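# A look at the structure
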Amino acid sequence: MPRVSEEHLERRRQQILDAARLCFARKGFHDSSMQDVFAESGLSAGAVYRYFKSKDDIIAALATQTMTEIREVMAEAIHAETLPTPAELIALLAQNIVARSGPEGPVRLAPQAWSLALVKPEATGYVREAILAMRDIWHEYADKMLTAGWLPEDADTNAVAVALIGLLPGFILQHLIIGDPSPETLARGVRTLLPYGEPATR
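So, a few notes on the structure that sits alongside this text. (Residues numbered from 1 in each chain as written. Predicted model: local features only at pLDDT ≥ 70, side-chain atom pairs only at ≥ 80, totals over all residues. Heavy atoms only, no water.)

### Some remarks on the layout of surface pockets
By volume, the largest pocket is sized at about 280 Å³. Where the lining of the largest pocket is concerned, the elements lending two or more residues are helix H4 (55–78), helix H6 (110–119), helix H7 (121–147) and helix H9 (167–178). Broken down by class, the residue content of the lining of the largest pocket amounts to 13 nonpolar, 2 polar and no charged. (1 Å grid on protein atoms, 1.4 Å probe; cavity = no way out; pocket = protein on both sides within 12 Å on 5 of 7 lines; lining within 4 Å. Points joined across faces, edges and corners; volume = space filled by probe spheres on them. Helix = DSSP H or I, 4+ residues; strand = E, 2+ residues; numbered from the N terminus. Nonpolar A, V, L, I, M, F, W, Y, C, P; charged D, E, K, R; others polar.)

### Describing the packing of helix H1 (residues 6–31) against helix H2 (residues 34–41)
Viewed as axis vectors pointing N to C, H1 and H2 meet at an angle of 140°, and their least axial separation amounts to 8 Å. When the axis of H1 is compared with that of H2, the two are oblique. Our pair here, H1 against H2, has a crossing hand that is right-handed. Contacts from Gln15, Ile16, Ala19, Ala20, Leu22, Cys23, Arg26, Lys27 and Asp31 of H1 reach H2 at Asp36, Val37, Glu40 and Ser41. (Axes fitted to C-alpha atoms, helices over the stretch in contact; angles between N-to-C directions. Parallel < 35°, antiparallel > 145°, perpendicular 65-115°, else oblique. Left-handed = near helix turned anticlockwise from the far one by under 90°. Contact = heavy atoms within 4.5 Å.)

### Regarding a nonpolar patch on the surface
There is a patch of nonpolar side chains on the surface, built from Leu173, Ile177 and Ile178 and spanning about 320 Å² of accessible area. Mapped onto the fold, leucine 173 is located in helix H9. The exposure class assigned to leucine 173 is partly exposed, which follows from its relative accessible area of 37%. (Patch = residues over 30% accessible without salt bridge, like charges linked within 9 Å, V, L, I, M, F, W, Y side chains within 5 Å. Areas by Shrake-Rupley, 256 points an atom, 1.4 Å probe, with all protein chains shown as cover. Salt bridge = Lys/Arg side-chain N within 4 Å of Asp/Glu carboxyl O. Buried < 20%, exposed > 50% of the residue type's maximum accessible area, 1.4 Å probe, protein only.)

Quick look at the structure:
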């Protein structure tokens, strides 16, 4: 009997995640059931449980995947030939977040995953790792800011990363719940507070 390829397994896993994302975006985590995921994916319960032990496992995987995608956008930006200013970088990430936060967008799941991580130990690890990985890329950016001369020579770049990472969750909550601000508004505020690298400071 031929062995199932890794590519096939990954496609099937992604099929389940895509189905779950649609269910959760429509009904929320709490009102969606595994039966909803089975129906949306077109797979049997056994096929889904082969990849994920529970709905909480799926939620954690989705949250991790969404943050990984945003982190990849950020990594590409900070590794470009010209280092983006804080305002430019924040604007780029905020625009990416808005593009992913429509009615069925994965960003809508993030606040629910954060809440779940506070009460469900099985989800805490996934979400914690995703946050730490995101903080690591902010730390790398802070180190690059220091090298560029945008920060004082004795700057604690870890502390800078801890401060900067908090901007995006705040933007996500405001955007999803209040309906504002725009990426441009956020960038303007960051430019006022952190004018490093902007033309007026050179």
